[in-house]
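The residues making up each chain are set out below.
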Amino acid sequence: MAGLLVPSSSALLPSRFPSSSSSSKLSPLVSSISSTSGQIYGRKFNGGGIGNLIKKGRSQFHFSVKNVATEIIPAEAKKRAKESQRPVYPFAAIVGQDEMKLCLLLNVIDPKIGGVMIMGDRGTGKSTTVRSLVDLLPEIKVVAGDPFNSDPEDPESMGVEVRESVLNGEELEIVTTKINMVDLPLGATEDRVCGTIDIEKALTEGVKAFEPGLLAKANRGILYVDEVNLLDDHLVDVLLDSAASGWNTVEREGISISHPARFILIGSGNPEEGELRPQLLDRFGMHAQVGTVRDAELRVKIVEERARFDQNPKEFRTTYNVDQDKLQEQITAARKILSSVKVDRDLCVKISKVCAELNVDGLRGDIVTNRAARALAALKGRDQVTPEDIATVIPNCLRHRLRKDPLESIDSGLLVIEKFYEVFG
């Protein structure tokens, strides 16, 4: 594919690392991605939401939360709501940009990878691809009526009220809902992002009325920031704090409220418009570089497909239903077998050796590379990670963690892949 920087890992490994036969079972879309991705690098919730808490020994404020949670909606109502939404370009219809698509799919399979930063030229389909991911997001179990999408089986992803209900042995009402994708606008205020407290109500009625913000809505979901390199510094600080701890704390007028905020952070931007702060860049598990398609035939195909979509979005989406369903089934299957995928110890040692010889700070690069390789093996339907899997994902996991040399003209992804072959060869 034109415009890409590095030859695919499968092309570089014709005999050294043979491809698994299971890859033949993949849909055409995932097969093309995997083969070319190395090219570039209880207590019942009553109306008000979270019950009442009394802060003992200090004040008699009651704590309540405005209910912005997922409601139990009949299947017919869900279907009508989906049909009335603005049509989204199908993920399976995206032409090229295999590296970006692979990084997004791996993060859906294993959210612990930590998100993806997509940098590239303007007009290359970054935002379109991310938003098209909505159709492929799997369903998760949440506590009904809870504004934080609490996981009924994981105490670390529970709000305070839900955890108290579990400790008291109360029965929780559980529903399934699709993973949320929340857009964070550049002009958002800190109150809208973190949530806000109604001070007047607290003083007059003795009630801490907390209205959850975007971080609460994004818990156990995806938080997408378009043009993330233009985000205001104070919002970057908020994201750094939540991404580091997995919790969002609102401090206002002596009142403190915390709630879980574990999300997949996806950002996109154009490097010509400014660099990203290194503290935030390191929080992204993977980094995808997107280039403009140079092949004339591909460019014509993209233009024609987009024209078809604009003319009749519903009919265009219907033509990709089979591919979309197949891809969704593969994601669901990969999530189920992910826990059983193993990485041989000698491969783990070699991954860490690559990181050490590239002078990667910290251990986040080692961890993310292992997780991404396991997710890729699961996507291919295997329970064992191969060197080819590592070769495919390691440039995306380490490229943005290398120290910048202003005199270096070679792409950092190439440095990573060269070191990979030096260690694994």
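Residues numbered from 1 in each chain as written. Predicted model: local features only at pLDDT ≥ 70, side-chain atom pairs only at ≥ 80, totals over all residues. Heavy atoms only, no water.

J.: Sorry if this is basic, but what is going on with the packing of helix α4 (residues 98-109) against helix α16 (residues 364-379) here?
T.: In helix packing, the relevant descriptors are the interaxial angle and the interaxial distance, both defined with respect to the helix axes. Viewed as axis vectors pointing N to C, α4 and α16 meet at an angle of 90 degrees, and their least axial separation amounts to 9 Å. Taken together, the axes of α4 and α16 lie roughly perpendicular to each other. Only Ala372, Ala375, Leu376 and Leu379 of α16 make contact with α4, whose side of the interface consists of Leu102, Leu106 and Ile109. Here the residues of the contact of α4 with α16 sort into seven nonpolar, no polar and no charged. (Axes fitted to C-alpha atoms, helices over the stretch in contact; angles between N-to-C directions. Helix = DSSP H or I, 4+ residues; strand = E, 2+ residues; numbered from the N terminus. Parallel < 35°, antiparallel > 145°, perpendicular 65-115°, else oblique. Contact = heavy atoms within 4.5 Å. Nonpolar A, V, L, I, M, F, W, Y, C, P; charged D, E, K, R; others polar.)

J.: Just to check I follow, could you spell out the sheet that holds strand β11 (residues 264-269) for this structure?
T.: By way of backbone hydrogen bonds, the strands of a sheet pair with one another, either parallel or antiparallel. If you walk across this open sheet you meet the five strands as β5-β8-β11-β2-β12, and the pairing is parallel. Sheet topology places β5 (181-183) and β12 (286-290) at the edges, where each strand pairs with a single neighbour. Adjacent strand axes in the sheet meet at a mean angle of 20 degrees, parallel and antiparallel pairs treated alike. By the bridge criterion, four bridges tie strand β2 (residues 116-120) to β11 in an arrangement that is parallel. Bridging from a neighbouring strand, Met119 pairs with Gly269 of β11. (Pairing = 2+ DSSP bridges.)

J.: What exactly am I supposed to notice about the nonpolar core here?
T.: Across soluble globular proteins, nonpolar side chains have a tendency to be buried as a group. Counting 62 residues, the largest nonpolar core has Leu104, Leu106, Ile118, Leu133, Ile266, Met286 and Ile390 as the members making the most contacts within it. Looking at which domains feed residues into this core, each of domain 1 (88-292) and domain 2 (341-424) gives three or more. If we ignore the near neighbours within four places in the chain, the residues touching Ile266 are Leu104, Val116, Ile118, Val130, Ile222, Leu223, Tyr224, Val225 and Phe284. Core analysis: the second largest hydrophobic core is formed by 32 residues, Leu223, Leu231, Leu265 and Leu280 among them. (Core = buried A, V, L, I, M, F, W, Y, C linked by side-chain atoms within 4.5 Å. Buried < 20%, exposed > 50% of the residue type's maximum accessible area, 1.4 Å probe, protein only. Domains from an automatic or database assignment.)

J.: Help me out: how do you make sense of the pattern of salt bridges in this one?
T.: Two side chains bearing opposite charge may form a pair once their charged atoms approach each other closely. Per the stated rule, a full pass over the model turns up 15 salt bridges. The closest approach of N and O atoms between Lys101 and Asp98, which form a salt bridge, is 3.7 Å. Highlighted residues: Lys101 and Asp98, both in helix α4, separated by three residues, approximately one helical turn. Asp98 shares its class with Lys101; the two are buried. As a salt-bridge pair, Arg131 and Asp183 come within 3.0 Å of each other at their nearest N and O atoms. Note that Arg131 is positioned in helix α5 (residues 126-132) and Asp183 in strand β5, a separation of 52 residues in sequence. (Salt bridge = Lys/Arg side-chain N within 4 Å of Asp/Glu carboxyl O.)

Interpretation in functional terms is not warranted from these geometric data alone.
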